[in-house]
Amino acid sequence: MRIFLPILLLTLTCKNSWAYPEFIGYGYSSCLTCHFNGNGGGALNDYGRALWSAEIASRWAYDNKVSNEQIAESSGFFGKTQLPDWIRPALKYRGASVSTNAFSSQQSNKFYNMQLDANLTLQNNLDGKYLFSLTYGHIPTPKVRSTNRFDFQLREYFLRVEPITSWWVYAGLVEKVFGIRNIDHTSYQRKNQGFSIFPSDDEIAYSQGLILHKVSKTWETSLNFFTGHPLAEEALKYKGGSLMHDFEVGDNKRMSVSVLSGKSELRQRQMLALSYKQQVAPGSAFMFEFGGIRNTVLASNEIKTGSYTFVEGFLLLTRGYHFRSALERHNESFSTGSEDRWRFVNGLLFFPLPRVEIRTDFELRKTISESNATDDVWGIQGQIHVSL
Amino acid sequence: MPRMMSGAFKGKSMSVSSLKKILASLVISFSPLYSYASSSLGIGYFSWTEILDATGAGTFKGFSSFYGNSIYYRYNTRGSKDFIESSILVGKYTSVFPSFGLYTTENKNFMGLMSSYRKSLELSPQVYISAGPLILLRNVKYTAPIGYEVKSGSDLNLGLLAEIQFQLTPKIEVKQSMGTLFFKARTFWSLSLGYNY
């Protein structure tokens with residue numbers, strides 16, 4: 001019976017995830033604690049692996065005699081077998097099943113191999129003062145500009161240096177810095193801001209660039225200059241900069257302000273966001289982000305200024321098992337008649353075993369406008385994530 | 001003089017306090033469930049969709065989208081873990097018949113009232129989930145083309161409502177609600193921010 005639930009959920013249906021800002025509920029407010037990339041996402045460092053195994057994931061597979069420390073010791077790539085400090089490999093797979101127009105006659109189901117990544121991180125020592133990380137992997141074929149060149153690619157690579165204590169410099173292909181790195185890449189808080197993982201839009205999350213990151217106990221700041229994705233067409237290379245300042249406003253309460261400005265040959269985008277996240281109970285968190293987006297189509301000089309809202313409640317049910325409820329809104333333009341697109345997501349986020357994540361989401365989409373009324377649209381999404 | 005004023009206020013304060021004690025004892029005497037109670041007042045954003053019907057020479061189906069802002073008051077009976085909540089809804093409704101040439105869109109103001117009685121579960125002192133029946137009243141009047149009658153949902157609708165509520169501080173709460181409406185309507189949802197007192 002113990003194994004029944006995870007197996008059942010494996011057959012369910014989804015999304016991609018990179019980092020878990022919700023873990024402020026566990027008292028972890030900085031991404032640097034768990035990730036080689038201090039702004040979140042990508043491969044986990046030793047502490048992140050141990051944390052996932054010994055604090056976040058369920059213990060159901062372990063005997064009571066096995067301590068959390070022993071579980072943490074087994075969290076390495078080869079389990080208990082220790083690798084030299086200078087090398088850290090990782091493998092990651094995500095499979096997702098998506099049902100669109102669920103509960104209707106137009107329901108369609110599709111399974112995606114979302115991610116199959118191999119990562120290698122080399123560092124001078126466990127402190128990682130000098131570190132190089134490279135991720136090669138697969139992402140799904142984009143829907144619009146269908147081209148196989150994106151199927152397997154260098155997903156992320158960066159050189160990280162800490163020239164002065166608590167000052168970090170990243171150079172390479174990394175995710176742009178802006179706002180909360182929500183675990184759902186289809187979120188209206190990421191997709192409309194140019195942080196898609198699919199190269200089907202004009203702009204995607206990853207870009208070559210340089211990041212200066214200062215981390216202090218009560219605040220951190222990231223300054224990012226980016227020059228576009230190396231595989232993008234020249235006209236779509238999005239160049240610019242962003243700044244994010246995150247600061248403590250109370251115990252396990254963080255607020256941040258982000259600005260981004262960038263331009264390709266086709267479009268200019270400027271964004272501003274105010275974000276907030278806090279622990280509401282051990283393992284549970286609340287997050288909020290409100291932002292403005294100004295898009296300019298350069299050829300026609302058409303300007304649209306809109307906004308978005310993101311609210312998420314993250315609830316620890318019991319160790320390894322969480323409930324997530326998110327409400328998102330996006331409005332492309334403040335002008336009268338512009339529609340508000342809403343998305344209400346309720347789902348479960350499980351870590352039934354160390355290295356394993358299972359997610360199911362029930363999604364309600366609705367468009368509200370002064371000139372149109374449509375039926376509710378439901379979606380069911382599920383994901384299995386294995387990270388070795 | 002200040003001392004007198006102070007005394008006067010002190011006396012008044014005591015009398016109010018005494019009155020509160022008497023009322024509290026009455027409440028406890030007549031309803032042991034209400035051993036402890038507090039209230040919440042807040043504002044929210046809501047939406048739901050109703051199925052729109054036009055009947056006359058032919059039958060046409062469409063949708064009415066209701067959305068707007070609400071003000072809610074909730075009585076929290078912590079002893080019995082029951083929530084009694086009422087909201088005033090003020091917003092707009094947009095109705096569309098996608099395949100009805102004579103009648104396409106309306107965008108009008110409406111007002112409504114919603115009440116719910118919910119059993120709650122305190123998952124932690126900061127997190128509550130609750131569920132229970134709801135009753136929704138709203139007044140809308142469609143302008144129907146000659147020879148047709150147009151209506152959506154029901155003026156009085158019943159349903160079930162589930163909520164998750166986070167206490168950001170002991171005084172400030174955020175809650176997300178989702179519910180079903182039984183009569184020719186779809187999912188109700190809302191997001192609210194409230195103050196506990």
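Note that the structure is a prediction, hence the values are computed from the model and not measured. (Residues numbered from 1 in each chain as written. Chains lettered and ligands numbered in written order. Predicted model: local features only at pLDDT ≥ 70, side-chain atom pairs only at ≥ 80, totals over all residues. Heavy atoms only, no water.)

**Some remarks on the overall build of chain B**
The helix and strand tally for chain B stands at one helix and nine strands. Along chain B, helices and strands appear, N-terminal first, in the series α-β-β-β-β-β-β-β-β-β. For chain B, buried positions account for 45% of its 197 residues. Accessible surface computed for chain B: about 10300 Å², of which carbon and sulfur atoms make up 69%. (Helix = DSSP H or I, 4+ residues; strand = E, 2+ residues; numbered from the N terminus. Buried < 20%, exposed > 50% of the residue type's maximum accessible area, 1.4 Å probe, protein only. Areas by Shrake-Rupley, 256 points an atom, 1.4 Å probe, with all protein chains shown as cover.)

**As for the interface of chain B and chain A**
The interface of chain B with chain A comprises 31 residues on the first partner and 30 residues on the second. Both faces considered, chain B and chain A share a buried interface measuring about 2500 Å² in area, 67% of it formed by carbon and sulfur atoms. Of all residues in chain B, Leu168, Gln176 and Trp189 of chain B give up the largest surface area on contact with chain A, accounting jointly for 25% of the area buried on that side. Where chain B meets chain A, there are one salt bridge. Across the chain B-chain A interface, the total number found is nine residue pairs in polar contact (both at pLDDT 80 or more). Those elements giving two or more residues to the side of chain B that touches chain A turn out to be β1 (37–55), β2 (59–77), β3 (82–96), β4 (105–124), β5 (127–138), β7 (156–167), β8 (172–181) and β9 (187–196) of chain B. Broken down by element, the side of chain B that touches chain A gets its largest block of residues, five residues, from β2 of chain B. Of the residues contributing to the side of chain B that touches chain A, the split by class is 16 nonpolar, 13 polar and two charged. (Contact = heavy atoms within 4.5 Å. Buried area = accessible area lost by both parts, 1.4 Å probe. Salt bridge = Lys/Arg side-chain N within 4 Å of Asp/Glu carboxyl O. Polar contact = N/O pair within 3.5 Å; in protein donor to acceptor, adjacent residues only side chain to side chain. Nonpolar A, V, L, I, M, F, W, Y, C, P; charged D, E, K, R; others polar.)

**Side note on the packing of aromatic side chains**
Residues and elements named next belong to chain B. Enumeration according to the criterion identifies 30 aromatic pairs over all chains in this entry. An angle of 10 degrees between the planes, with centres 6.4 Å apart, marks the rings of phenylalanine 46 and phenylalanine 188 as stacked. Taken together, the positions of phenylalanine 46 in strand β1 and phenylalanine 188 in strand β9 put the pair 142 residues apart, joining distant regions of the chain. Under the relative-accessibility criterion, phenylalanine 46 is labelled buried at 0%. Assessed through its relative accessible area of 2%, phenylalanine 188 is described here as buried. One aromatic cluster is present, built from ring pairs that chain together Phe46, Trp48, Phe66, Tyr93, Phe110, Tyr142 and Phe188. (Phe/Tyr/Trp six-rings, centres within 6.5 Å; stacked < 30°, edge-to-face > 60°.)

**Some remarks on the side chain of serine 207 of chain A**
Residues and elements named next belong to chain A. Here serine 207 is to be found in strand β6 (residues 206–215). At a separation of 3.5 Å, a polar atom in the side chain of serine 207 contacts the main-chain amide nitrogen of threonine 227. At 2.8 Å, the side chain of serine 207 and the backbone nitrogen of glycine 228 are in polar contact.

**Remarks on the environment of leucine 122 of chain A**
All names here are of chain A. Within the element layout of this structure, leucine 122 appears in strand β2 (residues 108–123). In this structure leucine 122 comes out as partly exposed when scored by relative accessible area, which is 34%. Here the alpha-carbon distance between leucine 122 and arginine 88, two residues 34 residues apart in the chain, equals 6.4 Å. Those residues in contact with leucine 122, other than ones at most four positions away along the chain, are Trp86, Ile87, Tyr130, Leu131 and Phe132.

**Structural notes on the pattern of salt bridges**
Overall, the coordinates contain 32 salt bridges over all chains when judged by the stated rule. Arginine 88 of chain A is the salt-bridge partner of aspartate 46 of chain A, the closest N and O atoms lying 2.7 Å from each other. Remark: arginine 88 of chain A occurs in strand β1 (residues 87–100) and aspartate 46 of chain A occurs in helix α2 (residues 46–56); sequence separation between them is 42 residues. Given a relative accessible area of 31%, aspartate 46 of chain A falls into the partly exposed group. The salt bridge partner of glutamate 173 of chain B is arginine 74 of chain B, with a shortest N-O separation of 2.6 Å.

**Considering the confidence of the model for chain A**
Summarising the model, chain A shows a mean pLDDT of 87, and 91% of its residues fall at 70 or more. A low-confidence stretch, residues 1–17 of chain A (pLDDT under 50), is modelled with 55 contacts involving residues beyond four sequence positions or located in other chains. (pLDDT = per-residue confidence, 0-100.)

**With respect to the confidence of the model for chain B**
All names here are of chain B. Of all residues in chain B, 77% attain a pLDDT of 70 or more, and the chain-wide mean is 80. Within the model, pLDDT remains below 50 along residues 1–14, and this stretch shows zero contacts once partners closer than five positions in the same chain are excluded. Long-range and interchain partners of residues 24–37, a stretch whose pLDDT sits below 50, account for 16 contacts in this model, where long-range means more than four residues apart.

**Topic: α2 of chain A**
Buried residues dominate α2 of chain A, accounting for eight of its eleven residues. The inward-facing, buried residues of α2 of chain A contact α3 (68–73), β1, β13 (321–331), β14 (340–353), β15 (356–368) and β16 (377–387) of chain A.

**Section: the layout of surface pockets**
All names here are of chain A. Estimates place the volume of the second largest pocket at around 500 Å³. In terms of lining, the second largest pocket is formed by 23 residues, of which the most central are Arg267, Arg269, Asn295, His330 and Glu332. When contributions to the lining of the second largest pocket are tallied by element, the ones reaching two or more residues are β10 (267–281), β11 (284–297) and β12 (302–318). The dominant element in the lining of the second largest pocket, judged by the number of residues it contributes, is β11, at four residues. Grouping the amino acids of the lining of the second largest pocket by side-chain chemistry returns three nonpolar, nine polar and eleven charged. (1 Å grid on protein atoms, 1.4 Å probe; cavity = no way out; pocket = protein on both sides within 12 Å on 5 of 7 lines; lining within 4 Å. Points joined across faces, edges and corners; volume = space filled by probe spheres on them.)

**Digging into the pairing of strand β7 (residues 219–228) of chain A**
Residue and element names in this part refer to chain A. Relative to β7, β6 runs antiparallel, the two sharing eight bridges. Directly across from leucine 210, in β7, lies its bridge partner phenylalanine 225. Sheet topology places β7 next to strand β8 (residues 239–250); eight bridges connect them, and they run antiparallel. Across the sheet, the residue bridging to asparagine 224 is serine 242, located in β8. (Pairing = 2+ DSSP bridges.)

**So, the environment of asparagine 124 of chain A**
All names here are of chain A. Structurally, asparagine 124 is set in the loop between β2 and β3 (130–138). Asparagine 124 sits in the partly exposed class, given a relative accessible area of 40%. Put simply, asparagine 124 and tyrosine 188 are 64 residues apart on the chain and 39 Å apart in space, counted from C-alpha to C-alpha. With residues up to four places along the chain from it excluded, the contact list for asparagine 124 reads Lys129 and Tyr130.

**Thoughts on the environment of valine 345 of chain A**
Within the element layout of this structure, valine 345 of chain A appears in strand β14. Taking the C-alpha atoms as reference points, valine 345 of chain A and isoleucine 380 of chain A, 35 residues apart in sequence, are found 9.5 Å from one another.

**Describing the side chain of glutamate 163 of chain B**
All names here are of chain B. Among the structural elements, glutamate 163 can be located in strand β7. A residue is classified by how much of its surface remains accessible, and glutamate 163, at 5% relative accessible area, is buried. Here serine 177 takes part through its side chain, which lies 2.9 Å from a polar atom of the side chain of glutamate 163. Discounting residues that sit within four places of it in the chain, glutamate 163 has contacts with Glu85, Arg118, Tyr128, Ile129, Ser130, Lys175, Gln176 and Ser177.

**A closer look at unusual backbone geometry**
All names here are of chain A. Phi is positive for phenylalanine 103, close to 60 degrees, though the residue is something other than glycine. Of note, phenylalanine 103 is situated in the loop between β1 and β2. A positive phi is found at asparagine 301, a non-glycine position, where the angle reads about 60 degrees. For asparagine 301, the location among the structural elements is in the loop between β11 and β12. According to the relative accessible area criterion, asparagine 301 is exposed, its value standing at 53%.

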